[in-house]
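What follows is the residue order along each chain.
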Amino acid sequence: MKEFPIFEYIRELPPTTAQEEVGHTAWVFLHTLAKWVSNDPAAQARAFELLKWIVRTQPCGACVTDGLNYIEQHPFNGNFKEYISNFHNHVNTKQKKEFIPPTKSFQPYFIKQKSPMQEYVFEVMISMK
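Everything in this summary refers to the structure shown in the same document. (Residues numbered from 1 in each chain as written. Predicted model: local features only at pLDDT ≥ 70, side-chain atom pairs only at ≥ 80, totals over all residues. Heavy atoms only, no water.)

Observations regarding the overall build of the chain
- Looking only at helices and strands, the chain features 6 helices and 0 strands.
- Counting all 129 residues of the chain, 37% fall into the buried class.
- Put simply, 61% of the contacts in the chain that link residues at least 6 apart link residues at least 24 apart.
- Looking at the chain as shown, the accessible area adds up to about 8800 Å², and 58% of this sits on carbon and sulfur atoms. (Helix = DSSP H or I, 4+ residues; strand = E, 2+ residues; numbered from the N terminus. Buried < 20%, exposed > 50% of the residue type's maximum accessible area, 1.4 Å probe, protein only. Contact = heavy atoms within 4.5 Å. Areas by Shrake-Rupley, 256 points an atom, 1.4 Å probe, with all protein chains shown as cover.)

A short note on the nonpolar core
- Counting residues in each nonpolar core, the largest one holds 19 residues, and the members touching the most others are Leu30, Leu51, Phe80, Ile84 and Phe87.
- Beyond its immediate chain neighbours, meaning those up to four positions away, Phe87 contacts Trp27, Leu51, Val55, Gly67 and Tyr70. (Core = buried A, V, L, I, M, F, W, Y, C linked by side-chain atoms within 4.5 Å.)

A word on the state of the cysteines
- Overall, the coordinates contain 1 disulfide when judged by the stated rule.
- There is a disulfide in this structure between Cys60 and Cys63, and the S-S distance comes to 2.4 Å. On the sign convention where negative means left-handed, the S-S torsion of about 75 degrees between Cys60 and Cys63 marks this disulfide as right-handed.
- In this structure Cys60 comes out as buried when scored by relative accessible area, which is 11%. (Disulfide = S-S within 2.5 Å.)

Side note on helix α3 (residues 41-56)
- Helix length check: α3, at 16 residues, gives a terminal C-alpha distance of 23 Å against a target of 22 Å (1.5 Å per residue), a fit within 8%.
- Taken together, the buried positions of α3 are Ala43, Gln44, Ala47, Phe48, Leu51, Lys52, Ile54 and Val55. (Expected span 1.5 Å × (residues − 1).)

Thoughts on the pattern of salt bridges
- Under the defined criterion, the tally for this structure stands at 2 salt bridges.
- Its salt-bridge partner being Lys52, residue Glu49 comes within 2.9 Å of it at the nearest N-O pair. With Glu49 and Lys52 both in helix α3 and 3 residues apart, this pair spans about one turn of that helix.
- A salt bridge links Lys94 to Asp66; the nearest nitrogen and oxygen atoms lie 3.2 Å apart. With a gap of 28 residues between them, Lys94 in helix α5 (residues 80-94) and Asp66 in helix α4 (residues 61-73) connect regions that are remote in the sequence. (Salt bridge = Lys/Arg side-chain N within 4 Å of Asp/Glu carboxyl O.)

Considerations on unusual backbone geometry
- For Lys96, which is not glycine, the phi dihedral falls at a positive 55 degrees.
- In this fold, Lys96 is placed in the loop between α5 and α6 (116-127).

What follows is the structure in structure tokens.
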């Protein structure tokens, strides 16, 4: 299987930095996907399958376990946007971070400094248009 260049970048990061980098980039991607994914039930289901894959591939073992537990305990309701908002607030609550009201959850993420990983993800997203 072909390895993407971004994985080399992630391997070189200290573990806590990798967790933060991958986690933040995943949330940016998931919120962007939720904002733009079609309301078609098949598209919503594919987005949810992608969420499960992203959760399973996080570099933080506790994050994977907690994420999979959340998914198991909160079945997908067919509305990816609502699901991502609730899921992210679940994580924020556990980390004692700010609760984000659903009305603000999909305003554009303003990234002050893009990392190589974020640049790579945005390039991939743009190429998928």
